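So you can see what is in the structure, the chains are spelled out below.
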Amino acid sequence: MTAVKSVLPEKWTKPRPLVPVLRFSGPIGVNSPFKQELSLPTVAASIDKAFSMRGAKAVAIQINSPGGAAVQSTLIHKRIRALAAEKNLKVYAFCEDVAASGGYMLSLAGDEIYADPSSIVGSIGVIAAGFGFPGLMEKIGVERRVYTAGTSKDTLDPFLPEKPEDVKRIKEIQLDVHEAFIGMVKSRRGGKLTKPDDELFTGAFWSGKTALELGLIDGLSDLRTRMREVFGEDVRFKLVAPATSWLRRGKKSVSAGVSGLDFGQWPQGFAADVISAIEARALWSRFGL
């Protein structure tokens, strides 16, 4: 008995290569009233799903982030690298408008990093910012009363005069975080870096074109173009998004507030949302966006 040969074209029967896509957008670890926070708890499930997809040839990550919390950036990076090793899948990172500070740390999870010539890349440093109001308090006649158990509990209180010892302590912490960031860059980029430490790790940021010259990225391209070069024109993409969107959470919150007439929570929540929005806007504005 002879086997019947398929008359269908091979391209119809041959499985098309699949590349799951993870998208990390926005400030890291910063709550926002308009968008779900970018942190390990919010993206862990989608990362796990991407690396578990049957037939995946690699995993791609798109990054558009001005940075944020160092710990959350590190945790997301580590989860991606752990699963890449476990599943033996290569990771491709693509920087969009900005992949700076913690955003660049996320890109380091990629075995290869790409950006647009006009992308903002780098900012390998640590920053802490705040406001001080002691003069304002005195001007309007308001007295600040603080009681602590522990001499450092009021460190950097915005309503008290700045103390040199507090600044020294914060800078020591920043140095530890900066050294960890530098170590990650060196471990991931290895011999690709073309400039000395005192030029690369100042907190400066560059265009994608210059970042390529510095060895911070591997090429100038976008996700679709590069993946087609690697896996062929028939490559498939599957965006893997977090299970719960901000819109669904927002509707639930609003409806709960209206039905329960819980307006007592509104002022506090609104103030926190405004502050978070200002913090997020400040992160983006550092890069002219």
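Residues numbered from 1 in each chain as written. Predicted model: local features only at pLDDT ≥ 70, side-chain atom pairs only at ≥ 80, totals over all residues. Heavy atoms only, no water.

What follows deals with the pattern of salt bridges. Pairs can form between side chains of opposite charge whenever their charged atoms are close. Using the criterion set out here, one finds 15 salt bridges in the structure. Note that Glu86 and Lys87 form a salt bridge whose closest N and O atoms lie 3.9 Å from each other. In this structure, Lys186 engages Asp197 in a salt bridge whose closest nitrogen and oxygen atoms are separated by 2.7 Å. Taken together, the residues span a long stretch of sequence, with Lys186 in helix H6 (residues 164–189) and Asp197 in helix H7 (residues 197–200) at a distance of 11 residues. Overall, the relative accessible area of 38% leaves Lys186 in the partly exposed class. Through salt bridges with shared partners, a single ionic network connects Lys90, Glu112, Arg226 and Glu229. (Salt bridge = Lys/Arg side-chain N within 4 Å of Asp/Glu carboxyl O. Helix = DSSP H or I, 4+ residues; strand = E, 2+ residues; numbered from the N terminus. Buried < 20%, exposed > 50% of the residue type's maximum accessible area, 1.4 Å probe, protein only.)

This next bit is on the confidence of the model for the chain. Looking at the chain as a whole, its pLDDT mean stands at 82, while 78% of the residues score no less than 70. In the predicted structure, residues 245–268 sits below a pLDDT of 50 and forms 12 contacts with residues beyond four places in sequence or in another chain. (pLDDT = per-residue confidence, 0-100. Contact = heavy atoms within 4.5 Å.)

Further remarks concern the pairing of strand E4 (residues 112–115). If a strand is regular, its side chains alternate between the two faces of the sheet. Of the two faces of E4, the one lined by Glu112 and Tyr114 and the one lined by Ile113 and Ala115 are each fully buried. As paired strands, strand E3 (residues 90–100) and E4 are joined by 4 bridges and run parallel to one another. Paired with Tyr92 across the strands is Glu112, a residue of E4. The parallel pair E3 and E4, bridged by helix H4 (residues 102–107), forms a crossover whose chirality is right-handed. Examined bridge by bridge, E4 and strand E7 (residues 219–220) share 2 bridges and lie parallel to one another. Looking at the pairing, Ala115 lines up with Leu220 of E7. (Pairing = 2+ DSSP bridges. Right-handed = clockwise from strand over helix to strand, strands pointing away.)

A word on the packing of aromatic side chains. Scanning the model with the defined rule gives 2 aromatic pairs in all. Each ring, one from Tyr92 and one from Phe231, has its centre 6.3 Å from the other, and the planes form 80 degrees; the classification is edge-to-face. Placement of the pair is Tyr92 in strand E3 and Phe231 in helix H9 (residues 223–231), with a sequence separation of 139 residues. Of the residues examined, Phe231 reaches a relative accessible area of 22% and is grouped as partly exposed. A centroid spacing of 5.6 Å and a plane angle of 20 degrees characterise the contact between Phe94 and Tyr114, whose relative ring orientation is stacked. Residue Phe94 is found in strand E3, and its partner Tyr114 is found in strand E4; the two are separated by 20 residues along the sequence. When sorted by exposure, Phe94 lands in the same class as Tyr114, which is buried. (Phe/Tyr/Trp six-rings, centres within 6.5 Å; stacked < 30°, edge-to-face > 60°.)

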